[in-house]
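One letter stands for each residue in the lines below.
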Amino acid sequence: MTSSHKPDEKTLQGLKDIANKLRINSIKATCASNSGHPTSCCSAAELMSVLFFNTMRYKAEDPRNQCNDRFVLSKGHAAPILYAAWAEAGYVKESDLLNLRKIDSDLEGHPTPKLAFVDVATGSLGQGLGASCGMAYTGKYFDKSSYRVYCMMRDGECSEGSVWEAMAFASYYKLDNLVALIDVNRLGQSEAAPLKHDMEVYRKRCEAFGWNTYVVDGHDVEELCKAFWQAKQVKDKPTCIVAKTFKGKGLKNIEDLDNWHGKPIPKDKVDGLLKELKAQIQVPNKTLCPELPKEDTEPADLSPIALLSPPAYKKGEKMATRRAYGVALAKLETFKKAFPDRYIECFIAEQNMVGVAIGCATRDCTVAFASAFAAFFSRGYDQIRMGAISQSNVNLVGSHCGVSIGEDGPSQMALEDLAIFRAIPTCTVFCPSDAVSTERAVELSANTKGICFIRTSRPDNAVIYSPDEKFEVGIAKVVRQHAGSEGKNIRVIDPFTIMPLDAATIVASARATKGQIITVEDHYKEGGLGEAVLSAVGGEPDIVVTRLAVSGVPRSGKSTELLDMFGISAKHIANAVRQTFAN
């Protein structure tokens, strides 16, 4: 490696001054809120100073600009120093920092995209790097642009397996536009992090995962400038900067001591500590500005997305909804065989897959669909709920739902997925019943804000809709509406979306059938369709809901045998109808 681009002495001093300004504002903000993590901010002060004012390229007045370098604060509890950096850059008013964590302020305890300079919400540790991988992959392979992605983690969160899923992903895809920073400040909430300050073990672990790695003094601005510059020269490898730091750096009788995690500085210590920090600032006025980015990223295309052709199925034809999903994706320009350059294989790492998808979807760069067995989205549930806080427009598709998958057995059967996704506040939950409705669910999902979940099944099911059938979010289909073969007035309803649920159609149909509703689902009773219907009719008098669903832990067997065993086969549905009307 050639010698680095060394900043002049004025710049180096300016970066030191900014680091102490960031410390001061982090302390003031956390004191004003009487909560927060000032010591975690202080360990990262030089890292933030060099990154924001000597390394990253961005338009400070336009944080969401498509060309800007990206920054993810995975150690979200250090949010005050992120806010302080944007105040130093001129985007946030310094006086607003004192509103930290207040009910009427968007400067929350952990960062969220309510703020224009935040792409993904963080705070649940170990997730920032996965989202950063999605951003970096998008920048390198989709946008083909020069913006770079920086993710700051802390040593404690490196105990999370999701970090190492992301490390493996980044090296496999040669994301040389991605830089991870590990703020190794040694101290956790209740005790030291496992590796403490054993920097060589961090180096070996990162290198073993295929990362270009530098171990640095995290409080030496010159050394940091060199490491960031070197990272830009490296090709075909992501870079990890492992920075040895001290928690509470610069705070007398607090630095590198236990029991200061998540505690504001006591009132009797504040003035003295602030005075000492201010005394170290040689040039108090702003002297450094970020470099502007290259204008080489196209604006996001926000036009509506439509299938290139309507579903090509005939009524009565059999097609598994999971296969129809693949057909629809190809029509939307995404599938591995048809469009390999638009397909990202995340391997057996569902947490990271969800994180990558959320990262890809930031700034409307892509319309991201992440697909897996629905049962295994439970592994990525923390990422999913954080995706909602991130205001992400990510689409998740779960196959192999229910006991109908058959011989593979209960470990592969998604029987909790509706409950999982119905608990996500921004989620639209699609449950298509045939190939036509599956294609339309994919089309609608691509144009729907928030998280979308599409539930697909393994068996080949009959097509019941014409290719030109119109579908809408929150609108159910009355598939049959007449007297049954035994003279009973019966309606068959396909809800299409479980959330939002078409309560009006369900209530109206119940009124027409003497207040009787039977729900049938290949899912546990808890949290599924039946409970959604119960919630919808809860305020309606004289409506009775009978629920047919899976109970207990299933076993291997033929699909038809299992449906019969758990009382959700055609035979059991017919018996439930007869019994309901008999009563």
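These remarks concern the structure in this document. Each chain has its residues counted from 1, following the order in which its sequence is written. The predicted origin of the model limits local features to residues at a pLDDT of at least 70 and limits the giving and counting of side-chain atom pairs to 80 or more, whereas totals for whole chains, interfaces and linings rest on all residues. Remark: hydrogens and water are excluded; side-chain values derive from all non-hydrogen atoms of the structure.

Turning our eyes to something else, we now look at the sheet that holds strand 4 (residues 212-217). Within the open sheet, the 5 strands sit side by side as 1-2-3-5-4. Their pairing is parallel. The open sheet has two edge strands with one neighbour each: strand 1 (70-73) and strand 4. Between one strand and the next, the sheet's axes are offset by a mean angle of 20°, whatever the strand orientation. The contact rule is simple, with two residues in contact once any of their heavy atoms fall within 4.5 Å. Note on definitions: angles span 0 to 180 degrees between N-to-C directions of axes, and those axes are lines fitted to C-alpha atoms, for helices only across the stretch in contact. Counting from the N terminus, the helices are DSSP H or I runs at least four residues long and the strands are E runs at least two residues long. Along the sheet, helix 8 (residues 221-233) makes contact with strand 2 (149-154), strand 3 (178-184), strand 4 and strand 5 (239-244), crossing strand 4 at roughly 170°. For two strands to count as paired, DSSP must find a minimum of two bridges between them.

The next point concerns the side chain of T30. Mapping T30 onto the fold places it in helix 1 (residues 9-33). Polar contacts here mean pairs of N or O atoms no more than 3.5 Å apart (in protein, one a potential hydrogen donor and the other a potential acceptor; neighbouring residues in sequence count only if both atoms are side-chain atoms). A polar contact of 3.1 Å, which involves the side chain of T30, links it to the backbone oxygen of I27. Apart from the residues lying within four places of it in its own chain, the contact partners of T30 are S35, G36, H37, P38, P80, L100 and P264.

This part is about the sheet that holds strand 8 (residues 395-399). Through backbone hydrogen bonds, the strands of a sheet pair up, either in parallel or in antiparallel fashion. Reading across from one edge, 7-8-10-9-14 is the order of the 5 strands in this open sheet, with mixed pairing throughout. Here the strands that pair on one side only, and so sit at the sheet edges, are strand 7 (369-373) and strand 14 (497-499). Between one strand axis and the next, the sheet turns by 20° as a mean value, whatever way the strands run. For strand 8 and strand 10 (residues 452-455), the ladder comprises 4 bridges, and the chain directions are parallel. Note that in strand 10 the partner of V397 across the bridge is I454. Relative to strand 10, helix 14 (residues 435-446) is tilted by about 170°, and along the sheet it contacts strand 7, strand 8, strand 9 (428-430) and strand 10.

Classification of ring pairs uses Phe, Tyr and Trp, with its six-membered ring standing for Trp, and accepts pairs whose centres are within 6.5 Å; under 30 degrees between planes counts as stacked, over 60 as edge-to-face, and the remaining range as tilted. If you walk through the whole model with that rule in mind, you get 25 aromatic pairs. One aromatic cluster in this structure is built from F52, Y58, F71, Y83, W86, Y91 and F117. Above the ring of Y147, the side-chain terminus of R70 is found at 3.7 Å from the ring centroid. Counting as a charge over the ring demands two things of the Lys NZ or Arg CZ atom: a distance within 6 Å of the ring centre and an angle within 35 degrees of the ring normal.

As defined by bridge partners, strand 4 adjoins strand 5 across 6 bridges and the pair is classed as parallel. Residue pairing across strands places V216 opposite A243, the latter belonging to strand 5. Handedness of the crossover is the feature at issue here: the chain leaves strand 4, passes through helix 8, returns alongside strand 5, and the resulting connection is right-handed. Crossover handedness is defined here as right-handed if the route from the first strand over the helix to the second strand goes clockwise, with the strands pointing away from the viewer.

A few words now on helix 14. One less than the residue count of a helix, multiplied by 1.5 Å, gives the span that helix is expected to have. Compared with the 16 Å implied by 1.5 Å per residue over 12 residues, the 17 Å span of helix 14 between its first and last C-alpha is a close match. Of all 12 residues in helix 14, 11 are buried; the element is thus mostly enclosed. For every residue, the accessible area obtained with a 1.4 Å probe (protein chains only) is divided by the maximum for its type, and the residue is called buried under 20%, exposed over 50%, and partly exposed between those limits. Within the span of helix 14, buried status applies to A435, V436, S437, T438, E439, R440, A441, V442, E443, S445 and A446. Packing partners of the buried residues in helix 14 comprise strand 6 (318-320), helix 10 (321-331), strand 7, strand 8, strand 9 and strand 10. For helix 14, the N-terminal cap is D434; the gap from its side-chain oxygen to the backbone nitrogen of V436 is 3.3 Å.

Checked against the element boundaries, T55 lands in helix 3 (residues 45-55). By relative accessible area, T55 is classed as buried at 3%. Look past the residues within four positions of T55 in its chain and what remains in contact with it is V50, D69, Y150, F228 and K232.

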